[in-house]
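Coordinates in review
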Amino acid sequence: MTEKLSNEELSCRFQNLEENLKVIRSRMEEAAAKSGRNPGDVTLLAATKTVPAEVINRGIELGIAHIGENRVQELCGKLDALLPCDRQFIGHLQKNKIKYLIGRVGMIQSVDSEKLAQEISRLSVSNGTETDVLIEVNIGGEENKSGVAPEHLSELAEKISALPAVHVRGLMAIPPVCEKPEDAMPYFSKMKEYFIDMKDKKMDNVSMDCLSMGMSADYVQAILCGATMVRIGSALFGPRIYR
Ligand SMILES: *Cc1c(COP(=O)(O)O)cnc(C)c1O
């Protein structure tokens, strides 16, 4: 699942991580300022798939407060080895795997159906807990991509808002792969519009404080368009190594 690293490889990755983090933080701050916000208004979530726990822990020591995994099995395999931090689930979620996440993650970012939300709520109730979620929006209308279609967003939020142990905290999106980062901006701007629309609806049990969009290639553009959280993997940890 994850690599076993020699000491030499480890110290090299630690050093790269420290440098990458500095660059990303300063670009994030600059973009936040350009969009009229404070540096603290935009949260960095480190996307840690394939990254060994030792490397993630170095990041946590350097101040990374939120990490996100996108496979349930990989997340659960790493949980015990991680230093304290907020752990989130950001990948495509199957109903039968939800039980492994309840009570163990601070937020599930990838809820795109009433069925998933119902199961999250049911299991949260039976675990005596509550679960924060984001609704994932298929902003590019791509056929084989997760996310609710924008025209069904409001209806889905309403249905989830009626569930006892799930709280909608905002929206998440992964726009279509674009040639240039600027090309993603229309998608990000659309997301910002939906985010504001949803906020204006003031639904019970639905708060819109998190707009999670932007990854390594386009986090600056996402922040310029209003992202409050960016999910960054390879720009932090280097290219993913699948073994
Ligand atoms: C892997 C992943 C990211 C980060 O991707 P990078 O391009 O490496 O920054 C962000 N969001 C999700 C849902 C991911 O799976």
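Residues numbered from 1 in each chain as written. Predicted model: local features only at pLDDT ≥ 70, side-chain atom pairs only at ≥ 80, totals over all residues. Heavy atoms only, no water.

**Brief notes about the packing of helix H5 (residues 153–161) against helix H6 (residues 185–201)**
For the record, the criterion: Angles run from 0 to 180 degrees between N-to-C directions of axes, and those axes are lines fitted to C-alpha atoms, restricted for helices to the stretch in contact. Working definition: helices are DSSP H or I runs of at least four residues, strands are E runs of at least two. Numbering for both runs from the N terminus. Working definition: roughly parallel below 35 degrees, roughly antiparallel above 145 degrees, roughly perpendicular at 65 to 115 degrees, and oblique for all remaining angles. Handedness of each helix crossing follows the sense of rotation of the near helix against the far helix: counterclockwise by less than a right angle gives left-handed, clockwise gives right-handed. Contacts are assigned to residue pairs that have any heavy atoms within 4.5 Å of one another. Note on residue categories: nonpolar means Ala, Val, Leu, Ile, Met, Phe, Trp, Tyr, Cys or Pro, charged means Asp, Glu, Lys or Arg, and polar means any other residue, Gly included.
It is at 11 Å that the axes of H5 and H6 come closest, and there the two elements cross at 45°. Taken together, the axes of H5 and H6 are oblique relative to one another. As for the relative orientation of H5 and H6, their crossing is right-handed in sense. On H6, the residues touching Leu153, Ser154 and Ala157 of H5 are Tyr194, Met198 and Lys201. Residues of the contact of H5 with H6, tallied by class, amount to four nonpolar, one polar and one charged.

**Quick look at the pattern of salt bridges**
To keep things clear, this is the line we draw: The salt bridge criterion pairs a side-chain nitrogen of Lys or Arg with a carboxyl oxygen of Asp or Glu, the two atoms within 4 Å. Burial here depends on accessible area, computed with a 1.4 Å probe over protein chains only, as a share of the maximum for the residue type. Under 20% is buried, over 50% is exposed, and the range in between is partly exposed.
Under the counting rule described, the total for this entry stands at 13 salt bridges. Among the ionic pairs, Glu114 bridges to Lys159, the shortest N-O distance being 3.9 Å. Of this pair, Glu114 sits in helix H4 (residues 114–126) while Lys159 is found in helix H5, placing the two residues 45 residues apart along the sequence. The class of Glu114 is partly exposed, set by a relative accessible area of 30%. Under the relative-accessibility criterion, Lys159 is labelled partly exposed at 36%. What emerges from the salt-bridge pattern is a single network uniting Glu69, Arg71, Glu74 and Lys78.

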